[in-house]
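Now for the letters of each chain:
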Amino acid sequence: MSTLTVDTTAGPSAAGVVRETVALAGRRLRHLRRAPGRMVGLVMNPLVMLLAVGYLFKNAIVAPHGGAYQEYLMAGITAQIGLAGVGPTAVSVALDRRAGLMDRFRSLPISRAAVLTAHALGDLLIGLGVLVVISLVGLAIGWRVHGDALSVLAGFGVAALFILVTVWVGIALGMTVSNIESVDSIAALALVVCTFLSDAVFSASAMPGWLRPVVAWNPVTAVADAIRHLWGNPVQPGASFPGQHPFLVSGCWLAVLLTGAVAAALTSFRSQE
């Protein structure tokens, strides 16, 4: 078992909270080094989708405006990286609760926010590592960006922000649901529903008319469309408000989800004291 060293003389100052957060995040990353299977699992989920749909069936699916399907799909796969991380994050938090680790952290003279923030930071770094791997594979199978450097970086920034939001959603889920099996089932259902009831993989124009408003207002759709615009990849033009304002809608969704998830996680953490 690894030993966590925290400066107990640090008060509630910002510098003290940062030191505590870094120490706890380091613990999380050291655990990942001893169990690399989790990283492999996180990579495999979007990788299999990218290769199966974006490579094997690329000629069977038509992208908007006749563009390359790999370029249309890639933004949706980056969103799926975040969705695929919800389950492992939530299960990890729930396991820490079951093992009494959260109670041990509460007994230490450290910031309550630092405990969960460190967990978020560690899982965010893992998600960014997966994003790098998937981007390299995407380039290898034909994905290309057509925007300027700032736009491309902004696209990766949106993807990173979505990963951060889904990490906090996973933390909130793990803090509020005690049963490990339930946590895993909820996260798996969210992954499937949020992916396929969006335009991450298939264009909304190929879906039934009654379902298109659901797809249009799905936060995954807004995030994927915003990234496509920034990367210069094919985008399905939409007459709906979300289709015409993907940056506004994605920004609102991300702000609401992040605020709600952080509030739920911290409230649950404090209520269990």
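Given the structure is predicted, the values throughout are model-derived calculations rather than measurements.

Q: What exactly am I supposed to notice about the pattern of salt bridges here?
A: Any two side chains of opposite charge can pair, so long as their charged atoms come close to each other. Counting across every chain of the model gives 2 salt bridges. Close ionic contact of R228 with D199 constitutes a salt bridge, the shortest N to O distance being 3.3 Å. Highlighted residues: R228 in helix α9 (residues 219–231) and D199 in the loop between α7 (180–196) and α8 (212–217), separated in sequence by 29 residues. Note on accessibility: R228 and D199 belong to one class, buried.

Q: Just to check I follow, could you spell out the side chain of S135 for this structure?
A: Mapped onto the secondary structure, S135 falls in helix α5 (residues 112–140). Looking at S135, its side chain comes within polar contact range of the main-chain oxygen of L131, at 2.7 Å. Beyond its immediate stretch of four places on either side in the chain, S135 contacts M74, W143 and F156.

Q: Please explain the side chain of S198 as it appears in this structure.
A: Relative to the helices and strands, S198 is located in the loop between α7 and α8. When its relative accessible area of 1% is taken as the criterion, S198 is described as buried. Here the side chain of S198 touches T195 through a polar contact of 2.7 Å, landing on its backbone oxygen. For S198, the side chain forms a polar contact with the main-chain nitrogen of A200, separated by 3.1 Å.

Q: What is the right way to look at the packing of helix α6 (residues 149–176) against helix α11 (residues 246–271) in this model?
A: Helix packing geometry: the angle between the two helix axes and the distance between the axes. Taken N-terminus to C-terminus, the directions of α6 and α11 make an angle of 30°; their axes are 8 Å apart at the nearest point. When the axis of α6 is compared with that of α11, the two are roughly parallel. Of the two possible hands of crossing, α6 and α11 adopt the one that is left-handed. For the pair α6 and α11, contact is made by L161, F162, V165, W168, V169, I171, A172, M175 and T176 and by L254, L257, L258, A261, V262, A264, A265, S268 and F269, respectively.

Q: What am I meant to see in the nonpolar core here?
A: The tendency in soluble globular proteins is for nonpolar side chains to be buried side by side. With 59 residues, the main nonpolar core has M102, L116, I134 and I171 as its most contacted residues. Among the elements that take part in this core, α6 stands out by supplying 11 residues, more than any other. For I134, the contacting residues outside a window of four places in its chain are V43, P46, L47, L50, M74, I77 and I81.

Q: Is there a simple way to think about the packing of helix α3 (residues 69–98) against α6 in this case?
A: It is the contact of α3 with α6, at a shortest axis distance of 7 Å, that shows an interaxial angle of 30°. Considering the angle they form, α3 stands roughly parallel to α6. Note that α3 runs across α6; the crossing there is right-handed. Contacts from T78, A79, I81, G82, L83, V86, T89, A90, V93, A94 and R97 in α3 reach A159, F162, I163, T166, V167, V169, G170, I171, L173, G174, M175 and T176 in α6. Counted by class, the contact of α3 with α6 contains 15 nonpolar, 7 polar and 1 charged residues.

Q: Sorry, what's going on with the packing of aromatic side chains here?
A: Each aromatic ring pair is described using two quantities: the centre-to-centre distance and the angle formed by the ring planes. The tally for this structure, following the rule as stated, stands at 5 aromatic pairs. Here W143 and F156 contribute two aromatic rings whose centre-to-centre distance is 6.5 Å and whose plane-to-plane angle is 80°, an arrangement assigned as edge-to-face. On the criterion of sequence distance, the pair formed by W143 in the loop between α5 and α6 and F156 in helix α6 is long-range, its members being 13 residues apart. Residue W143 is classed as buried on the basis of its relative accessible area, which comes to 3%. Sitting above the plane of the Y72 ring, R228 keeps its charged end 3.9 Å from the centroid.

Q: Quick question: what am I supposed to make of α6 here?
A: A turn of α-helix holds 3.6 residues, and therefore any two residues three or four places apart point the same way. Here α6 spans 41 Å end to end across 28 residues, near enough to the 40 Å set by a 1.5 Å rise per residue. The opening residue of α6, the one whose side-chain oxygen lies 3.1 Å from the backbone nitrogen of L150, is D148.

Q: Is there a simple way to think about a nonpolar patch on the surface in this case?
A: Together, L51, Y55, L56 and F57 line one region of the surface with nonpolar side chains, adding up to about 420 Å² of accessible area. Along the chain, the position of L56 falls in helix α2 (residues 37–56).

Q: Sorry if this is basic, but what is going on with the confidence of the model for the protein chain here?
A: Low pLDDT marks regions whose predicted coordinates should not be analysed in detail. Overall, the predicted model of the protein chain reaches an average pLDDT of 85, with 90% of residues at or above 70. pLDDT under 50 marks residues 5–11. Its contacts with residues more than four places away, or in other chains, come to 13 contacts.

Q: What is the right way to read the environment of N218 from this model?
A: Within the secondary structure, N218 is located in the loop between α8 and α9. Classification of N218 as buried rests on a relative accessible area of 8%. Along the sequence, N218 and D199 sit 19 residues apart, while their C-alpha atoms lie 8.7 Å from each other. The residues contacting N218, other than those within four sequence positions of it, are V193, C194, L197, S198 and W253.

What counts as what
Residues numbered from 1 in each chain as written. Predicted model: local features only at pLDDT ≥ 70, side-chain atom pairs only at ≥ 80, totals over all residues. Heavy atoms only, no water. Salt bridge = Lys/Arg side-chain N within 4 Å of Asp/Glu carboxyl O. Helix = DSSP H or I, 4+ residues; strand = E, 2+ residues; numbered from the N terminus. Buried < 20%, exposed > 50% of the residue type's maximum accessible area, 1.4 Å probe, protein only. Polar contact = N/O pair within 3.5 Å; in protein donor to acceptor, adjacent residues only side chain to side chain. Contact = heavy atoms within 4.5 Å. Axes fitted to C-alpha atoms, helices over the stretch in contact; angles between N-to-C directions. Parallel < 35°, antiparallel > 145°, perpendicular 65-115°, else oblique. Left-handed = near helix turned anticlockwise from the far one by under 90°. Core = buried A, V, L, I, M, F, W, Y, C linked by side-chain atoms within 4.5 Å. Nonpolar A, V, L, I, M, F, W, Y, C, P; charged D, E, K, R; others polar. Phe/Tyr/Trp six-rings, centres within 6.5 Å; stacked < 30°, edge-to-face > 60°. Lys NZ or Arg CZ within 6 Å of the ring centre and 35° of its normal. Expected span 1.5 Å × (residues − 1). Patch = residues over 30% accessible without salt bridge, like charges linked within 9 Å, V, L, I, M, F, W, Y side chains within 5 Å. Areas by Shrake-Rupley, 256 points an atom, 1.4 Å probe, with all protein chains shown as cover. pLDDT = per-residue confidence, 0-100.

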